[in-house]
Amino acid sequence: MRKFRLPQCPYCGKKVNPFYAWYLRTQGEYICPRCQGVSNIFIDRAAYLLGGAAVLLGVLAFVITRVVQDQSFHPLHLLWIVLPFFLFSIVSLFLVRLKKPILRRRETPQEPARRASQEEAAGARPAPGEGRHVRR
């Protein structure tokens, strides 16, 4: 049951409102109103499993209502078909996660040339007796 929890800010720990969490499922980024921390939004893997189960249950309910019951379609049958999807949408609120973004350093066009010149300077061998101690 640890997987089912409301999303919370990874910086300050503030929990997100359930209605706002439902909206966040479709967004890519969250900015905490308390600490102004930027977080990435992702969906827990369990949501994909539960979504697949909801589809299977919906199809199963449709097949049962069409095969077992008479061929007339009653509005109550529609409720049994839609119910798994409705429950999945409610449970998916508790499977939204916020994670600190991984910041990668981007190189400017001048940096590769600068880095190459630094590597050449670092690769030069020092003269004997300069900076390195040799054990004999």
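Up top is the structure these notes are about.
Please read these numbers as outputs of a predicted model, since none were measured by experiment.

**Notes on the pairing of strand S2 (residues 38-43)**
- Bridge count between strand S1 (residues 29-31) and S2: three bridges; the pairing is antiparallel. Among the inter-strand pairings, Glu29 is bridged to a residue of S2, identified as Asn40.
- Linkage of S1 to S2, two consecutive antiparallel strands, is achieved through a turn of six residues, within which Gln36 is found at a positive phi near 65°.
- Pairing of S2 with strand S3 (residues 96-99) involves four bridges; the strand directions are antiparallel. Paired with Ile41 across the two strands is Leu98, which belongs to S3.

**Let's talk about the pattern of salt bridges**
- Enumeration according to the criterion identifies one salt bridge in this entry.
- Ionic pairing is found between Arg97 and Asp44, a salt bridge with its closest N-O pair at 3.2 Å. Taken as a pair, Arg97 in strand S3 and Asp44 in the loop between S2 and helix H2 (45-67) lie far apart in primary sequence, 53 residues in all.
- Overall, the relative accessible area of 11% leaves Asp44 in the buried class.

**Here we look at the sheet that holds S3**
- The three strands lie next to each other as S1-S2-S3, forming an open sheet whose pairing is antiparallel. Each edge of the open sheet is held by one strand with a lone partner, namely S1 and S3. Averaged over all neighbouring strand pairs, the angle between strand axes comes to 40°, with direction disregarded.

**Some words on the state of the cysteines**
- Scanning the model with the defined rule gives zero disulfides in all.
- Of all cysteine sulfurs, the one in Cys32 lies closest to Cys12, which takes part in no disulfide; the gap is 3.6 Å.

**Notes on the environment of Phe42**
- For Phe42, the position within the fold is in strand S2.
- With a relative accessible area of 38%, Phe42 lands in the partly exposed category.
- For Phe42 and Arg25, which are 17 residues apart along the polypeptide, the C-alpha to C-alpha distance reads 7.6 Å.
- In contact with Phe42, other than residues within four places in its own chain, are Leu95, Val96, Arg97 and Lys99.

Cut-offs applied
Within each chain, residue numbers correspond to sequence positions counted from 1 in written order. In keeping with the model being predicted, local features are shown solely for residues with a pLDDT of at least 70 and side-chain atom pairs are shown and tallied solely at 80 or more, while totals for entire chains, interfaces and linings include all residues. The side-chain figures draw on all heavy atoms in the structure; neither hydrogens nor water molecules are used. For two strands to be treated as a pair, DSSP must find at least two bridges joining them. Starting at the N terminus, helices and strands are each numbered in turn, a helix being any DSSP run of H or I of at least four residues and a strand any DSSP run of E of at least two. Between Lys or Arg on one side and Asp or Glu on the other, a salt bridge is scored when a side-chain nitrogen of the former is within 4 Å of a carboxyl oxygen of the latter. Think of it in three bands: residues with accessible area under 20% of the maximum for their type are buried, residues over 50% are exposed, and the middle band is partly exposed, with areas taken using a 1.4 Å probe on protein chains only. To get an axis, a line is fitted to the C-alpha atoms, and for a helix only the part in contact is used. The angle between two axes follows their N-to-C directions and goes from 0 to 180 degrees. Defined by distance alone, a disulfide is two cysteine sulfur atoms within 2.5 Å. Contacts: residue pairs with any heavy atoms within 4.5 Å of one another.

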